[in-house]
Amino acid sequence: MSEEKALQIEETEKREVAETGAERTRDRLAFVPRADVYEINDAIVVVADMPGVDEESVDITLEQDLLTISGYVEPEYPEGYELSAAEYRIGDFTRAFTLSDQIDRENIEASAKDGVLRLRLPKLAEAKKRTITVKAG
Amino acid sequence: MIMRPYRRWTSPLAREMEQLRRDMNRLLADFPSSHQWRMAPGYPAVNIWTTEECAILTAELAGVALEDIEIAVENDTLTLNGNRKPDDVEEGAAYHRQERRYGSFARTVRLPFRVDPGKVEARLRNGVLTITLPCAEAEKPKKIMVKAG
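Residues numbered from 1 in each chain as written. Chains lettered and ligands numbered in written order. Predicted model: local features only at pLDDT ≥ 70, side-chain atom pairs only at ≥ 80, totals over all residues.

Caption draft 1: Layout of the environment of Glu-18 of chain B. Summarising the element assignment, Glu-18 of chain B is placed in helix α1 (residues 12–29). Through-space distance from the C-alpha of Glu-18 of chain B to that of Val-73 of chain B is 29 Å; in sequence the pair is 55 residues apart. (Helix = DSSP H or I, 4+ residues; strand = E, 2+ residues; numbered from the N terminus.)

Caption draft 2: Structural context of the pairing of strand β8 (residues 121–125) of chain B. Residues and elements named next belong to chain B. With five bridges joining them, β8 and strand β9 (residues 128–133) adopt antiparallel strand pairing. When the bridges of β9 are listed, Glu-121 appears paired with Thr-132. Where β8 folds back onto β9 in an antiparallel hairpin, the turn is made up of two residues, including Asn-126, whose phi is positive at roughly 55°. (Pairing = 2+ DSSP bridges.)

Caption draft 3: Representation of the nonpolar core within the structure. Grouped together as the largest cluster of nonpolar side chains are 50 residues, with contacts concentrated most on Val-46, Ala-48 and Leu-117 of chain A together with Val-46 and Leu-57 of chain B. Element by element, the count of residues in this core is highest for strand β4 (residues 43–49) of chain A, at six residues. Aside from chain neighbours lying at most four places away, what touches Val-46 of chain B is Glu-87 of chain A together with Met-39, Leu-57, Ala-59 and Val-109 of chain B. (Core = buried A, V, L, I, M, F, W, Y, C linked by C-beta atoms within 7 Å. Buried ≥ 20, exposed ≤ 12 C-beta atoms within 10 Å, placed from the backbone. Contact = placed C-beta atoms within 7 Å.)

Caption draft 4: The arrangement of the environment of Ser-111 of chain A in detail. Residue and element names in this part refer to chain A. Tracing the backbone shows Ser-111 in strand β9 (residues 109–113). Overall, the presence of 11 C-beta atoms within 10 Å leaves Ser-111 in the exposed class. Leaving out residues up to four positions away in the same chain, Ser-111 has contacts with Glu-55 and Arg-118.

Rendered as structure tokens:
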């Protein structure tokens, strides 16, 4: 394999949720998960990094056009140990997105693997893009 | 220092972690330092839990497959190598956001004690890597048999 790109720590830092508007009910640190959002012809795909989260501890809600994804992390503190060095903090994850397209709510697919949440939000039939031919002249 | 809402600080551990994180940043900024644990900054971020003789390292490696991680231990050095691969994305996908990064990583940690590589345990669960080092064995005094005659 040719030269691999090296992953930089600055590219992966955790960003805390800004305390604006409504507060969270859980009194715990919350981070904004890094997410990729992309659109294919028939769906919107959201992929979010949530280390420590599995399918049981993920929460997805879609209200009107607001999609909220949350992941709850139960930190494992080794008993009897002291934290000597901490380069990262542990907390929950939460993020909300406004969806512009009409989503088929009944068929949202979600999976969590290796701390990554993947959502497939299928577009409603009428929302799928139609190619419009542009004629010259 | 920006004052955060007090609510955030009700957890003593959260407070401690934040203080340690700042201390760690200062330590690494002065690298090399005389601190026992030595790591040059890099990905992934590592937390170190210790007792008198034992240590556990944790790191967040979301989306990294088990087969793409390599841990090597030699004397008092632990090296964490690996590759976070990009996703398989369908043809013609239009990105609205791309924040997740991928690439190779290699991080070396200098341990305060020698470690038997055969006894190091590592576990990857939900993107969190936990490395349990065998506890440092105290130098046991060697018994010397005294023979008669």
